[in-house]
Amino acid sequence: MKLIDKAKQAAVEGAVTKALEYLDKDPETNIPKLMDLVDKFTPKDWYKSQRDAIRNAIQDTNSNWYKLIMNLYQLDPGVRKVFFNNFIVNASLKGSARQEEVAAENNCNVPWAILLDPTSACNLHCTGCWAAEYGHKLNLDLETIDSIIRQGKELGVYMYIYTGGEPTVRKKDLIKLCEMHPDCEFLSFSNGTLFDEEFCDEILRVKNFVPAFSLEGSEEANDGRRGEGIYQKVMHAMKLLKDRGLPFGVSTCYTGMNVDSVSSEEYFDKLIDCGALFAWFFHYMPVGNDASPELLLTPEQREKMYRAIRQYRSTKAIFTLDFQNDAEFVHGCIAGGRHYLHINANGDVEPCVFIHYSNCNIKDTSLLDALKSPIFQAYHDNQPFNENMLRPCPMLENPEILRRLVEETGAKSTDLQSPESAEHLCGKCDKYAACWKEKADQLWDERQKEKAAKAGC
């Protein structure tokens, strides 16, 4: 990294640290003044657009963003301090600078976050779950996960996200990893059924573990997919965390069956009332030989989700991301190590949590070499996969691309139960992609006109 870039990074990190200390003194009064303090410590032309966006969001004390920041000050002070340091300073400032440096040196993608499966075991059998395709007997041992994290930090990665399986099947190892790497932030997708007071007390002690509970809308919609009584168990887990001042969020997979429920204002209000700080939305993917294409959305249903999340993002005090419909904000597909990669419980390094093809295994290759493997280089060389950011995925909206990438790179299926060919997987997406194209082009054109009109003001 150039000396001037290091100085710039250090200055911004220092400004952020001072700003957070300033907020702690009197958040209600100081939140609207936050960017004035940042301005004192950094030149006015550095990150100007980002700073202006934050400034506009927090100056109005009636805005949803101001309310969301105030909710952060309901958290345990020690947990909040660790979260800010690990997420903002380590992962988003120091880490991102190192990632860019390594990526430039090696002509490959370097991720912001690493998703990994501690285990393929799960205590539930949810309809349409891709994770079940791996079977239920695989585990990454503690030493392997530790090695992944140590290698990741060398590349500038301080954000680790557990998928599965159900990660909390291995509660003790998850807590141990938090202790081993206090400079990292760990997020875990979870069905919420294994959270008890003892585990929540341990989370409070280590301070760098954040769950994202899987919910599918109303109690009826959720339990129809996940099993009777699961919704109430998640509500109980949320209460345990909220009572301790611990942060948590929600992960929602939207399908043609639950889209009305998860796009409703009642659903968003319920999440906020429970204390959720964020909600991540995932489009259903027909992954696995037995996956049902019938759960895919119609173009009209996907448009409904697109508009609902944008509406509530500007009115509700909860941070939301729709990974299929928000690609414009990250310029397309974020997989293949561009912003994240996935390592399954067998150690296979995959470009995406939904794309189960790989050329290598973390047990016999380094993380950096995996990022240089053929399937990852193919992602690097072909992203974005479509100039219309409402068609970002090489599988769901551009199935002809994934077919080609898998064939050209020789990547093999990592599904140990029932290997699925790229042809079979993509074949389930062909009709969907064709139907969605017309609606996506219409919405994308509408979006470009909105942006042009705003820029002209």
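Residues numbered from 1 in each chain as written. Predicted model: local features only at pLDDT ≥ 70, side-chain atom pairs only at ≥ 80, totals over all residues. Heavy atoms only, no water.

As annotated in an unreviewed UniProt entry, the protein is Radical SAM protein from Blautia segnis.

What follows covers the side chain of R80. For R80, the location among the structural elements is in helix α6 (residues 77–106). A residue is classified by how much of its surface remains accessible, and R80, at 8% relative accessible area, is buried. Filtering out sequence-adjacent residues up to four positions away, R80 remains in contact with D24, L72, Y73 and L75. (Helix = DSSP H or I, 4+ residues; strand = E, 2+ residues; numbered from the N terminus. Buried < 20%, exposed > 50% of the residue type's maximum accessible area, 1.4 Å probe, protein only. Contact = heavy atoms within 4.5 Å.)

Strands sit in the order β7-β6-β5-β4-β3-β2-β1-β8-β9 across an open sheet of nine strands; the sheet is mixed. Edge strands, defined here as strands with exactly one partner in the open sheet, are β7 (319–322) and β9 (349–350). The sheet contact formed by strand β8 (residues 340–343) and β9 spans two bridges and is antiparallel. Counted as the bridge partner of I343 is V349 from β9. Those strands touched by helix α11 (residues 230–243) are β4 (209–214) and β5 (249–254), and its axis lies near 155 degrees from that of β4. (Pairing = 2+ DSSP bridges. Axes fitted to C-alpha atoms, helices over the stretch in contact; angles between N-to-C directions.)

One pass over the structure, following the stated rule, counts 20 aromatic pairs. Between the aromatic rings of F83 and F84, the centroid separation amounts to 6.1 Å while the plane-to-plane angle is 50 degrees, which identifies the pairing as tilted. A relative accessible area of 22% places F83 in the partly exposed class. Measuring from centroid to centroid gives 5.9 Å for Y162 and F186, while their planes differ by 10 degrees, and the two rings are stacked. One end of the pair, Y162, is in strand β2 (residues 159–162); the other, F186, is in strand β3 (residues 185–190), with 24 residues separating them in the sequence. Accessibility classification places Y162 together with F186 in one group, the buried group. Among the aromatic residues, ring-to-ring pairing joins Y73, F83, F84, F87 and W112 into one connected group. (Phe/Tyr/Trp six-rings, centres within 6.5 Å; stacked < 30°, edge-to-face > 60°.)

With that settled, the discussion passes to the environment of C274. Within the element layout of this structure, C274 appears in helix α13 (residues 265–274). The class of C274 is buried, set by a relative accessible area of 12%. Separated by 25 residues in the primary sequence, C274 and G249 place their C-alpha atoms 9.7 Å from one another. Ignoring anything within four residues of it in the chain, the contact list for C274 reads M235, M238, K242 and F248.

Compared with the 18 Å implied by 1.5 Å per residue over 13 residues, the 19 Å span of helix α7 (residues 142–154) between its first and last C-alpha is a close match. Along α7, the residues that are buried comprise L142, T144, I145, D146, I148, I149, G152 and K153. Along its buried surface, α7 packs onto β1 (113–116), β2, α8 (171–180), β3, β8 and α15 (367–371). Its side-chain oxygen at 3.2 Å from the backbone nitrogen of E143, D141 defines the N-terminal cap of α7. Following α7 by one or two positions, G156 has its phi on the positive side, about 95 degrees. (Expected span 1.5 Å × (residues − 1). Polar contact = N/O pair within 3.5 Å; in protein donor to acceptor, adjacent residues only side chain to side chain.)

Our next topic: the pattern of salt bridges. All chains considered together, the criterion is met by 30 salt bridges. As a salt-bridge pair, D196 and K171 come within 3.4 Å of each other at their nearest N and O atoms. Placement of the pair is D196 in the loop between β3 and α9 (197–206) and K171 in helix α8, with a sequence separation of 25 residues. You can call K171 partly exposed: its relative accessible area is 23%. When salt bridges with common partners are traced through the structure, they connect R310, R313, D326, E328, R447, E450 and K451 into a single cluster. (Salt bridge = Lys/Arg side-chain N within 4 Å of Asp/Glu carboxyl O.)

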